[in-house]
Amino acid sequence: MTATAILPQVPTAEGAPVLQGDPEGIARLLDDVVAQRPGADRELVDRFKHHVARLLVRMLGPGPDVDDLLQEVMFRVFRRLHKVDPPDALPGYVTAITVLVARETIKKRRRSRWLSFFSNDVLAEMTAKHGADDVPEDVRAFYDALAKLSDHDQVCITLRHVEGMGLEEVAVAVGVSLATIKRHLQRAEAQLLDVLGHDGRGVAPWTRGGKS
Amino acid sequence: MNAERSLGRLGAAVGREQDRALAEQPLADTDTILAGVARKNRRATSRRRMTVAAAMVACATIAGVGSTVKATREVAPVASQGAPAPSVGPRQAGEVKMPLRFEDGTTIVLQPQTRADLHAVRAHGAELRLDEGVLDVSVVHTEESRWDVFAGPFDVHVTGTKFDARWEPKTQKLTIVMREGSVRVTGPCVDEPLTAPNTKTFACDVAKPPASVAAPAADTTADPAPAEAPKPAPTPKNADDLEAKSAPALVTLADEARLGGDAARARRIYELVRRRFPASPEAARSAFLLGRMSEQTAPNEAAQAYGEVMRGGGAYAQEAHGRLMELEQRRGDTARARVLAVDYLVKFPNGPHRAYAASIEAAAP
């Protein structure tokens, strides 16, 4: 399988599609950045920052760390840009780096003993902005249940079901085969539904298909 | 209901909630991101140099050579063309450029017809006064380094960058051309960060430069021990832009400083917000972030900040309560942590830290 990004055109917060099928433009951009042509690094950041930020939020939730992590992702992207091959693998490469940084962050949060997946800055920011009562109970339950999964499974679930990536995209992003990701997702989904079912807080309509 | 479809529906709802939060939280601008990337690159380069230097020392030791190579980040100025390294003192470039190369890789080049004065050399930086002409500055920045270029009443504080500085004594104008990274320019009428790419000219209406930016002592053949130059006079309060800014504008500046790695400046501005706009939402946010920034290095300060946020109520009170509970538990004050945990479970029964609070309560004897 090649590392070609098959990314959906998902509107960002800015209202514009993130990444479009433009292999020639991406190849040219990669060339320009590696050759250090003026303005190329800015163009790369402009092109990918909203995509990276959205993925980070999907996997980690919104919060004050998103900007710091966005910088970390871009630092790692630039550091190994010369190794991206073929050039149109650039979007997939950026996604994979983002997933790696997100997983490291999840592990770090676990080590610092935050028990809830989105407990620290993330839910703080959401509750600060919207009020604790405004964060829907089913969303909160989803966060809490996800926290009981491994960091790998959390990432797979959020990329698949929150970001809406296809199976092949998720496989490329986390660096496993299609067959492996299917197995991992099946296991993770069963575990998540089990936790959500036992919890029963406001998610029953979802798990029974009652809500749209 | 198929599991895949159920989770897809729930996931979509989560995604919508996240998009709402993301839409309300503007991302860092591209300049800030690129400045952060440049800073991380320099830090990585600095670490590699340290590793190479340490390896050289190890090899010399093993070979039994009485090496005088020091794996240190001490900076000593090296004059151009291999001449003995002077320390402080004036320089004048004639028809050709005059580079000053420092041990950490920093280079300051006096362009032709430029006069400058190396005030002081420190372990992790130097101070240079530009008397006339153009300096081409490339600083290898690390967390410890501090470089200042003074020109007339201005101080260009280098936070990791490449730039040109031109000073015209007749017109008292300073022009900065940013090529990479960022600097901070302060003076009687300015306190401004500049990030590459950017070119800006500064001119303050002052009768004469502050007396503190003075010529060094006549004896310039002193040993290499650092001789600290007097610091520039502090900016008059009524000319400080920060004092005139609104709370949201100050918080934005503080956030930029925090994300750009200038923790000291971020702290100053967050404290200013608390002082000037007490009881405001921005003050609560500033206190919360000050607490976060202090947790590892100054836990008492962090505890104080979180306590203030909790007492004020407001949007960050719940999170400050959770963090304080965690902080006290981590510091070993289990009694205090338990009190906070019990209180948390009463006030925030559905809060994100309820499971942790319950575990603290359950573990109590």
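Procedures and definitions
- Residues numbered from 1 in each chain as written.
- Chains lettered and ligands numbered in written order.
- Predicted model: local features only at pLDDT ≥ 70, side-chain atom pairs only at ≥ 80, totals over all residues.
- Heavy atoms only, no water.
- Helix = DSSP H or I, 4+ residues; strand = E, 2+ residues; numbered from the N terminus.
- Expected span 1.5 Å × (residues − 1).
- Buried < 20%, exposed > 50% of the residue type's maximum accessible area, 1.4 Å probe, protein only.
- Pairing = 2+ DSSP bridges.
- 1 Å grid on protein atoms, 1.4 Å probe; cavity = no way out; pocket = protein on both sides within 12 Å on 5 of 7 lines; lining within 4 Å.
- Points joined across faces, edges and corners; volume = space filled by probe spheres on them.
- Nonpolar A, V, L, I, M, F, W, Y, C, P; charged D, E, K, R; others polar.
- Axes fitted to C-alpha atoms, helices over the stretch in contact; angles between N-to-C directions.
- Parallel < 35°, antiparallel > 145°, perpendicular 65-115°, else oblique.
- Left-handed = near helix turned anticlockwise from the far one by under 90°.
- Contact = heavy atoms within 4.5 Å.
- pLDDT = per-residue confidence, 0-100.
- Core = buried A, V, L, I, M, F, W, Y, C linked by side-chain atoms within 4.5 Å.

Peer 1: An account of helix H8 (residues 317–331) of chain B is needed here, citing residue identities and associated values.
Peer 2: Residues and elements named next belong to chain B. Under the 1.5 Å per step criterion, the end-to-end length of H8 is 21 Å for 15 residues, consistent within 8% with the ideal 21 Å. Within H8, twelve of the 15 residues are buried, leaving the element largely enclosed by the surrounding structure. Along H8, the residues classified as buried are Ala-317, Gln-318, Glu-319, Ala-320, His-321, Gly-322, Arg-323, Leu-324, Met-325, Glu-326, Leu-327 and Glu-328. Once H8 ends, the next one or two residues include Gly-332, with phi positive near 95°.

Peer 1: Just give me the short version of the pairing of strand E6 (residues 125–138) of chain B, but keep the residues and values in it.
Peer 2: All names here are of chain B. The element E6 is extensively covered by neighbouring structure, given that twelve of its 14 residues are classed as buried. One ladder, built from four bridges, connects strand E4 (residues 107–110) with E6; its direction is antiparallel. If you follow Leu-110 over to E6, its bridge partner there is Leu-135.

Peer 1: Could you give an account of the layout of surface pockets, with specific residues and numbers?
Peer 2: Where empty space is left can be seen by rolling a probe of water-molecule size over the atoms. Roughly 1100 Å³ of volume is contained in the second largest pocket. Together, 37 residues line the second largest pocket, and Gln36(A), Asp41(A), Ala38(B), Asn41(B) and Glu180(B) are the ones closest to its centre. Going through the elements one at a time, helix H1 (23–34), helix H2 (40–60) and helix H3 (65–79) of chain A together with helix H2 (30–62), strand E8 (154–168) and strand E9 (173–187) of chain B are the ones with two or more residues in the lining of the second largest pocket. Looking at the lining of the second largest pocket element by element, the count peaks at eleven residues for H2(B). Tallied by class, the residues present in the lining of the second largest pocket amount to 16 nonpolar, nine polar and twelve charged.

Peer 1: Provide a residue-level description of empty space enclosed by the protein, including the pertinent values.
Peer 2: Residue and element names in this part refer to chain B. Under the criterion given, the structure shown has four cavities of 30 Å³ or more. Roughly 40 Å³ of internal volume is contained in the second largest cavity. What lines the second largest cavity is Ile-108, Leu-118, Ala-126, Leu-128, Val-137, Val-139, Trp-147, Asp-148, Val-149 and Val-158. At the level of secondary structure, the elements contributing two or more residues to the lining of the second largest cavity comprise E6 and strand E7 (146–151). Here the lining of the second largest cavity is built from residues that sort into nine nonpolar, no polar and one charged.

Peer 1: Break down the packing of H2(A) against helix H7 (residues 151–162) of chain A for me, citing the residues and quoting the values.
Peer 2: Residues and elements named next belong to chain A. Contact geometry of H2 with H7 gives a least axis separation of 8 Å together with a crossing angle of 120°. The angle between the axes of H2 and H7 places the two elements in the oblique class. For the pair H2 and H7, the crossing hand works out as right-handed. Only Val-155, Thr-158, Leu-159 and Val-162 of H7 make contact with H2, whose side of the interface consists of Leu-55, Arg-58 and Met-59. Classifying every residue of the contact of H2 with H7 by side-chain character gives five nonpolar, one polar and one charged.

Peer 1: Go over the confidence of the model for chain B with me, naming the residues and quoting the values.
Peer 2: Residue and element names in this part refer to chain B. For chain B, the average pLDDT comes to 73, and 71% of its residues sit at 70 or higher. Mean pLDDT per element in chain B: strand E1 (residues 77–78) is the minimum at 36, and helix H9 (residues 334–347) is the maximum at 90. Note on residues 60–86: pLDDT under 50 across the span, and 46 contacts to partners over four residues away in sequence or across chains. Counting interchain partners and residues more than four positions distant, the pLDDT-below-50 stretch residues 207–240 has 41 contacts. This prediction of the complex comes with two scores: 0.47 for pTM and 0.73 for ipTM.

Peer 1: Can you tell me about the packing of H2(A) against H3(A), naming the residues and giving the values?
Peer 2: Residues and elements named next belong to chain A. Running from N to C, H2 and H3 point in directions that differ by 125°, and their axes come no closer than 9 Å. Our classification of the angle between H2 and H3 gives oblique. At the point where H2 passes H3, the crossing takes the right-handed sense. Contacts between H2 and H3 involve Asp-41, Leu-44, Val-45, Phe-48, Lys-49, Val-52, Ala-53, Leu-56, Val-57 and Leu-60 from the former and Val-66, Leu-69, Leu-70, Val-73, Met-74, Val-77 and Phe-78 from the latter. Split by residue class, the contact of H2 with H3 holds 15 nonpolar, no polar and two charged.

Peer 1: Can you tell me about the nonpolar core, naming the residues and giving the values?
Peer 2: Of all hydrophobic cores here, the largest spans 61 residues; its most connected members are Leu44(A), Met74(A), Leu81(A), Leu90(A) and Leu159(A). A total of nine residues in this core trace back to one element, the largest contributor, which is H2(A). Apart from the residues within four sequence positions on either side, Leu159(A) is in contact with Leu55(A), Met59(A), Val99(A), Gly164(A), Met165(A), Val170(A), Ala173(A) and Val174(A). Leu272(B), Phe288(B), Met293(B) and Ala341(B) belong to the second-largest nonpolar core, a separate cluster that totals 33 residues.

Peer 1: Tell me what's going on with the confidence of the model for chain A, and back it up with residues and numbers.
Peer 2: Low pLDDT marks regions whose predicted coordinates should not be analysed in detail. Residue and element names in this part refer to chain A. Mean pLDDT over chain A works out to 74, with 67% of the residues at or above the 70 mark. At the low end of the mean pLDDT range in chain A sits helix H5 (residues 121–130), at 48; at the high end sits H7, at 91. Per-residue pLDDT stays below 50 along residues 129–133; that stretch engages in nine contacts with residues further than four places along the chain or on separate chains.

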